[in-house]
Amino acid sequence: MSYVTVLVLLTTMLLGATSGLLGCFAVLRGRALLGDVLAHAALPGICLAFLLVRERHLGALLGGAIVAGLFAILVLGLLRRFVRTKEDAALGIVLTVFFGLGIVLLSVIQRLPAGGERAGLSHYLFGQAAAVSQADLFLISGVGVVAGLTVFLLYKELLVVSFDPGFAGVQGWPVAAVDLLLFSLIAVVTMIGLPVVGVVLMAALLIIPPAAARFWTDRLGQMLVLAAAFGALAGAAGTIFSAGFLSPGRTGSHAGLPTGPMIILTGTVIFLASMLCAPQKGLLWRAVRLIGLRVRTAEEHLLRELYECIEAGLPDAAPVAIVTLKERLRWSGAGLWTVIGLAAMRGFVRAEDGQLRLTPKGFEKARQVVRAHRLWELFLIEQAGIAPDHVHRDADQMEHLLRPEVVTELEEKLQTARRMAEDAKKLPASPH
């Protein structure tokens, strides 16, 4: 691995980690596209700075980008306050106008003797990570340290302002100052990241890692760590892929893959993997839970029907014809036999000669389901004033979601109202 590759690798990792860290607050505040506006608004500032100094001076170009970004934020605020323009429309107006002005200025610069190609300004559109220098690495490292210390020292303030700015204002906290400091850091990170990933892709580096981290946790501290890690991973993997180290026979400058887009594509893979596989919020886990809930609901419906069929003859638990269950449940034959098979595997029922019988384990489970169902029916009649002939459907949906402590609370409320027997073990009668 060459010196240039190591330099680019470290730079992109630090930029990704810093962008992911600060991007969390932009995403949580609903201002994710602010980074996109800043990135596009920086282009005219960069061009004007070059026209003034007539050379690619990093400090001058960065200063011009920051001034243009701050001016764009000012224009955005004025549009929202005095013209009453909606935020999404104001963002679109500022982004397109500033970016159009930047393209015009870039075209003017390209016609100069030391045009945009020689100055390298066109690389700010799509980025050129291979052109980063040691000074760029030191600059990004410094900004990363400042951003990390700011988040660490102002964690409580940033937490409250991000989730409840109104409460923070009532408490007398300087919400505007915290916002200004936070988005100033985002603006600086956006500007220094332009040479690496470019105007078009810088916003993605601020949005994708926090969005991916959000799938894995509901705690801000963990989200910050994960977003920084995902950003660093995207930077490192994108650089390695673009350098061709994972492609046989294609390494270094022969890989032919731009670093900035590869970083964003790698981040997209991380986002998709998080969207699919994250526990609690991942699509695959949600699908598994939904299927499990539907299977359990069908199984409990079967057990309840079995219990209600034999309830009149208790304590004798006679078997019930499967044809009778099919008519009562109105299920297809394949669906009914599938649920019977699953219930039998769990030891709840036993099929014999076209009939179905509850096992002792199944009888107790069925009794719990019927109890929850009838308690909820009684509660809806007493507390919600619903007619007895209308409560069955609501109870049929809720009985599968009631936790044991909720069932106990329902029992206590109904016993207090003298709507059920004092003996908690006695199953309440059906109200309809």
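Residues numbered from 1 in each chain as written. Predicted model: local features only at pLDDT ≥ 70, side-chain atom pairs only at ≥ 80, totals over all residues. Heavy atoms only, no water.

Asker: Looking at this model, I keep getting lost on the packing of helix α1 (residues 3-28) against helix α7 (residues 134-153). Mind explaining?
Answerer: The axes of two packed helices give the description: the angle between them and the distance between them. Where α1 meets α7, the closest approach of the two axes is 9 Å, and the angle between their N-to-C directions is 25°. In this view, α1 runs roughly parallel relative to α7, as classed from their interaxial angle. Of the two elements, α1 crosses α7, and the hand of that crossing is left-handed. Two secondary-structure elements touch here, α1 through Tyr3, Leu7, Leu10, Thr11, Leu14, Leu15, Thr18, Leu21, Leu22 and Phe25 and α7 through Gln134, Leu137, Ile140, Ser141, Gly144, Ala147, Gly148 and Val151. Split by residue class, the contact of α1 with α7 holds 12 nonpolar, 6 polar and no charged. (Axes fitted to C-alpha atoms, helices over the stretch in contact; angles between N-to-C directions. Helix = DSSP H or I, 4+ residues; strand = E, 2+ residues; numbered from the N terminus. Parallel < 35°, antiparallel > 145°, perpendicular 65-115°, else oblique. Left-handed = near helix turned anticlockwise from the far one by under 90°. Contact = heavy atoms within 4.5 Å. Nonpolar A, V, L, I, M, F, W, Y, C, P; charged D, E, K, R; others polar.)

Asker: Help me understand the environment of Thr324, please; the structure alone is not making it clear to me.
Answerer: Relative to the helices and strands, Thr324 resides in helix α14 (residues 322-329). Of the residues examined, Thr324 reaches a relative accessible area of 33% and is grouped as partly exposed. In sequence terms Thr324 and Cys309 are 15 residues apart; their C-alpha atoms lie 9.2 Å from each other. (Buried < 20%, exposed > 50% of the residue type's maximum accessible area, 1.4 Å probe, protein only.)

Asker: Hey, could you run me through the layout of surface pockets in this one?
Answerer: One way to see where empty space is left: roll a probe the size of a water molecule over the atoms. In this structure, the largest pocket encloses a volume near 470 Å³. Mapped onto the lining of the largest pocket, the elements with two or more residues apiece are α3 (58-82), α4 (87-110) and α10 (175-214). The dominant element in the lining of the largest pocket, judged by the number of residues it contributes, is α3, at 7 residues. By residue class, the composition of the lining of the largest pocket is 12 nonpolar, 3 polar and 4 charged. (1 Å grid on protein atoms, 1.4 Å probe; cavity = no way out; pocket = protein on both sides within 12 Å on 5 of 7 lines; lining within 4 Å. Points joined across faces, edges and corners; volume = space filled by probe spheres on them.)

Asker: Teacher, can you tell me more about the nonpolar core here?
Answerer: The nonpolar side chains of a soluble globular protein tend to be buried, and buried together. Formed by 74 residues in total, the largest nonpolar core has its most connected members in Leu22, Ile186, Leu194 and Met202. Among the elements that line this core, the one with the most residues is α10, at 22 residues. Residue contacts for Leu22: discarding those within four places in its chain leaves Ala147, Val151, Leu182, Leu185, Ile186 and Val189. Among the nonpolar cores identified, the runner-up in size contains 20 residues, and Tyr307, Leu336, Ala343 and Ala366 belong to it. (Core = buried A, V, L, I, M, F, W, Y, C linked by side-chain atoms within 4.5 Å.)

Asker: How should I be thinking about the confidence of the model for the protein in this particular structure?
Answerer: Interpreting fine coordinate detail is not advised for predicted regions of low pLDDT. Residues of the protein with pLDDT of at least 70 account for 80%, and the chain-wide mean is 79. Considering only residues more than four positions removed or in separate chains, one finds that residues 248-254, a stretch of pLDDT under 50, has 9 contacts. (pLDDT = per-residue confidence, 0-100.)

Asker: Can you help me understand the sheet that holds strand β1 (residues 320-321) in this one?
Answerer: Picture the strands of a sheet paired through backbone hydrogen bonds; they go either parallel or antiparallel. Strand order in the open sheet formed by 3 strands is β1-β3-β2, with antiparallel pairing between adjacent strands. Edge strands, defined here as strands with exactly one partner in the open sheet, are β1 and β2 (349-352). (Pairing = 2+ DSSP bridges.)

Asker: Could you clarify how one ought to interpret unusual backbone geometry in this entry?
Answerer: Negative phi is the rule for most residues except glycine; trans is the rule for most peptide bonds. At Gln280, a position not held by glycine, the phi torsion is positive, near 75°. Topologically, Gln280 is positioned in the loop between α12 (259-277) and α13 (283-310). With a phi angle near 55°, Asp353 is a residue other than glycine that sits in the positive phi range. Mapped onto the elements, Asp353 comes out in the loop between β2 and β3 (355-358).

Asker: In this structure, what is going on with α4? I would like to understand it.
Answerer: The terminal C-alpha atoms of α4 lie 34 Å apart, and with 24 residues this matches the ideal 34 Å at 1.5 Å per residue to within 8%. Turning to α4, its buried residues number three or more, namely Ala90, Leu91, Val94, Leu95, Phe98, Gly102, Leu105, Leu106 and Ile109. (Expected span 1.5 Å × (residues − 1).)

Asker: Before we go on, may I ask you to explain the packing of aromatic side chains in this structure?
Answerer: The way to describe two aromatic rings as a pair is by their centre distance and the angle between their planes. Counted according to the given criterion, the structure contains 3 aromatic pairs. Ring centres of Phe71 and Phe98 lie 6.0 Å apart, and the angle between their planes is 55°; this geometry places the pair in the tilted category. Placement of the pair is Phe71 in helix α3 and Phe98 in helix α4, with a sequence separation of 27 residues. Taking 5.6 Å as the distance between ring centres and 65° as the angle between the ring planes, the aromatic pair formed by Phe215 and Phe271 counts as edge-to-face. Here Phe215 is found in the loop between α10 and α11 (220-243), whereas its partner Phe271 is found in helix α12, with 56 residues between them in sequence. By relative accessible area, which is 18% here, Phe215 ends up buried. (Phe/Tyr/Trp six-rings, centres within 6.5 Å; stacked < 30°, edge-to-face > 60°.)

Asker: What's the story with the packing of α7 against helix α8 (residues 155-163) in this structure? I'm lost.
Answerer: Between α7 and α8, whose axes approach to 4 Å, the crossing angle comes to 80°. It follows that α7 is roughly perpendicular to α8 by the angle criterion. Taken together, the residues of α8 that come into contact with α7 (itself represented by Thr150, Val151, Phe152 and Leu153) are Tyr155, Glu157 and Leu158.

Asker: Help me out: how do you make sense of the pattern of salt bridges in this one?
Answerer: Any two side chains of opposite charge can pair if their charged atoms end up close together. Applying the stated rule across the entire model yields 10 salt bridges. Lys281 serves as the salt-bridge partner of Asp218, at 2.5 Å between the closest nitrogen and oxygen. In this pair, Asp218 sits in the loop between α10 and α11 while Lys281 sits in the loop between α12 and α13, placing the two residues 63 residues apart along the sequence. Arg346 is the salt-bridge partner of Glu299, the closest N and O atoms lying 2.7 Å from each other. Of this pair, Glu299 sits in helix α13 while Arg346 is found in the loop between α15 (333-345) and β2, placing the two residues 47 residues apart along the sequence. Since its relative accessible area comes to 3%, Glu299 is described here as buried. Overall, Arg346 belongs to the partly exposed group, its relative accessible area being 43%. Sharing partners across several salt bridges, the network here consists of Arg304, Glu305, Glu308 and Arg328. (Salt bridge = Lys/Arg side-chain N within 4 Å of Asp/Glu carboxyl O.)

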